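# Overview (structure and organization)
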Amino acid sequence: MPTLSQGFIAVKGCTFRALRAGIRLGYHQRRSREDVEIVVMVGSFGNRASTRAARRFGGSVLVAALLTSVSFASGCGTEPASNDASATSRATSRLPDIVFVVLCTFRYAHMGAAGYDRDTTPFLDSLGASGLFFENAVSASSWTKPAAASLLTGLTPNVHRMTDYYGREKGGTKVLEKRILGDDVVTLAETLRDAGYATVARINNVHVSEHFNLTQGFDDAISNESLNAKTMVAELARVAREIPHDQPLFFFLMSRDPHVTFDPHYVWYERFNRADDIVPREEYRTYTRALRKQVAEIADAHGELSSELLRRYVDLYDAELAQQDDALAGIPGALRAAGREDDAIYVITADHGERFYEHGYIGHGGRLDEASVHVPLIFSGPGLPREVLGTPPTGRREVRVVRSIDVYPTLAALANAASPEGLLGRNLLDPNDTVARTAFASVDEVEHLVRDGSYQLYRRRDGSIELYDLERDRGEREDLASERTAVRARLQALVDDWLERERGLRNSVAAGERRPLPTEAVEQLRDLGYVE
């Protein structure tokens, strides 16, 4: 047990509220909800070392010894702590509620706002039309674990190291041991929690769960594969009512609904089916399983996938998108019913996209390409600063290249919170930031992508180089690497520059341990097709 001379007082089972400016409270609730850890930091913001040291003392509540006299009101319970400075700020100018939605396996080209000719995403399109829509957002990777970790940490995959894939581990015991996020990494949830937010997460993807330490910083995190977008929006409605109205809410919703297995409700299948025949309801589940299996077998064998078979496959995916969009449309109403809509901000993006047999590949992960890394990024809602959309507010589309790692510093700025040092992303809403961005992505730490303007270059795992001009070739059908040698050389240098910056940051970020995954997590990974 630490002593006063060591700077800590141990207390069990209570929360505290600071009554004096200059003191910050960080609130952390374990997933078991049995132990609560609270750290009070005196003086300057950002003293993460004391927070991390406190956590290592285990299941007690640790409160830093105060170096000056401070009055506290204390009471047992699980009310998130907040500091007086933040409370005062909210009394005059309330911090916005932030709903951060990450959509798993979301193909950018299949949303109406991107020009798709099917009505798959009317709600998301409406947010894009009334808000700030980035047309060229690039994910940090092509599959969930590294991509979502980058959204939640602001770090690229080679820095946070959440990169270990499953492709070469089918069957054996190695799959049971995977890397978790290092505890010393300051997550977005921690930054917003320390700024006074109630931090809540509802997740239905095992890769973004407590099993990988990615719920670090959330007061209330539930990761459960039985959740879907509809039930998570219902959870938002409940939480929005229960959180004290004077405390801002950060709600993270991670939906993998469009991910394989592609099994939308029958009514959505009927609506999006383009085949001449309609499969009877009683045969529908058998049909979807057989179709997925047939497409996967052809893709694995690099065979010929007929246009009819691909169309049926895409119809199921599009139906999933529409079903999910219909559920997400309840978000504004959930906040409105709780009296929280007036200053709400909605942030929509995806962890990665999805391939439909481009270059002979189905799905995502393992390989980088435009279909798997191009993601939507939308900032919308009445809580956006007026200068973002003007007065009266009008929707705005931007063509500049942005990155998923830009989301963290942008949300921190909206929450009036300081981002940790070392983030490579930048605040997208900063009017003084006019420097063009390059985007960088990687997979397995051995294959890399860089995007600069309309050009996208790949350095494949075998060392080969591919170059495409996305302005006129979104499908990446014409490799220009041998033709545009000057562009190729410039972008190769950018890859090297990104890798050098990553190496510098990597040395200052402690890697998380490798931990055996519980049976529950392995079964969920098996259901998603990652392991056999």
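All of these numbers come straight from a predicted model, not from anything done at the bench. (Residues numbered from 1 in each chain as written. Predicted model: local features only at pLDDT ≥ 70, side-chain atom pairs only at ≥ 80, totals over all residues. Heavy atoms only, no water.)

Right, let's get into the packing of helix H7 (residues 229–242) against helix H10 (residues 307–328). One way to put it is that H7 packs onto H10 with a least axis distance of 8 Å and a crossing angle of 10°. Relative to H10, the element H7 is oriented roughly parallel. Together, Ala 229, Lys 230 and Val 233 of H7 and Gln 324, Ala 327 and Leu 328 of H10 make up the contact between the two elements. Taken together, the residues of the contact of H7 with H10 break down into 4 nonpolar, 1 polar and 1 charged. (Axes fitted to C-alpha atoms, helices over the stretch in contact; angles between N-to-C directions. Helix = DSSP H or I, 4+ residues; strand = E, 2+ residues; numbered from the N terminus. Parallel < 35°, antiparallel > 145°, perpendicular 65-115°, else oblique. Contact = heavy atoms within 4.5 Å. Nonpolar A, V, L, I, M, F, W, Y, C, P; charged D, E, K, R; others polar.)

Strand order in the open sheet made by the 4 strands is E18-E19-E20-E21, with antiparallel pairing throughout. Two strands in the sheet have a free side with no partner beyond their single neighbour: strand E18 (438–443) and strand E21 (465–469). Adjacent strand axes in the sheet meet at a mean angle of 15°, parallel and antiparallel pairs treated alike. Taken together, the 5 bridges between strand E19 (residues 447–452) and strand E20 (residues 455–459) define a ladder with antiparallel strand orientation. Considered in E20, the bridge of Leu 449 is made with Tyr 458. (Pairing = 2+ DSSP bridges.)

A separate point is the packing of aromatic side chains. What describes a pair of aromatic rings is the distance from one ring centre to the other and the angle between the planes of the rings. Using the criterion set out here, one finds 16 aromatic pairs in the structure. Taken together, a centroid distance of 6.0 Å and an interplanar angle of 10° make the contact between Phe 218 and Phe 250 stacked. Of the two residues, Phe 218 is situated in the loop between strand E10 (198–203) and strand E11 (220–223) and Phe 250 in strand E12 (residues 249–255); the sequence distance between them amounts to 32 residues. Both residues of the pair, Phe 218 and Phe 250, count as buried. In this structure an aromatic cluster arises from ring pairing among Phe 100, Phe 218, Phe 250 and Phe 252. The ring of Trp 268 is capped by Arg 271, whose NZ or CZ atom sits 4.3 Å from the centre of that ring. One residue, Arg 460, lies across the ring of Tyr 458, its end atom 4.3 Å from the ring centre. (Phe/Tyr/Trp six-rings, centres within 6.5 Å; stacked < 30°, edge-to-face > 60°. Buried < 20%, exposed > 50% of the residue type's maximum accessible area, 1.4 Å probe, protein only. Lys NZ or Arg CZ within 6 Å of the ring centre and 35° of its normal.)

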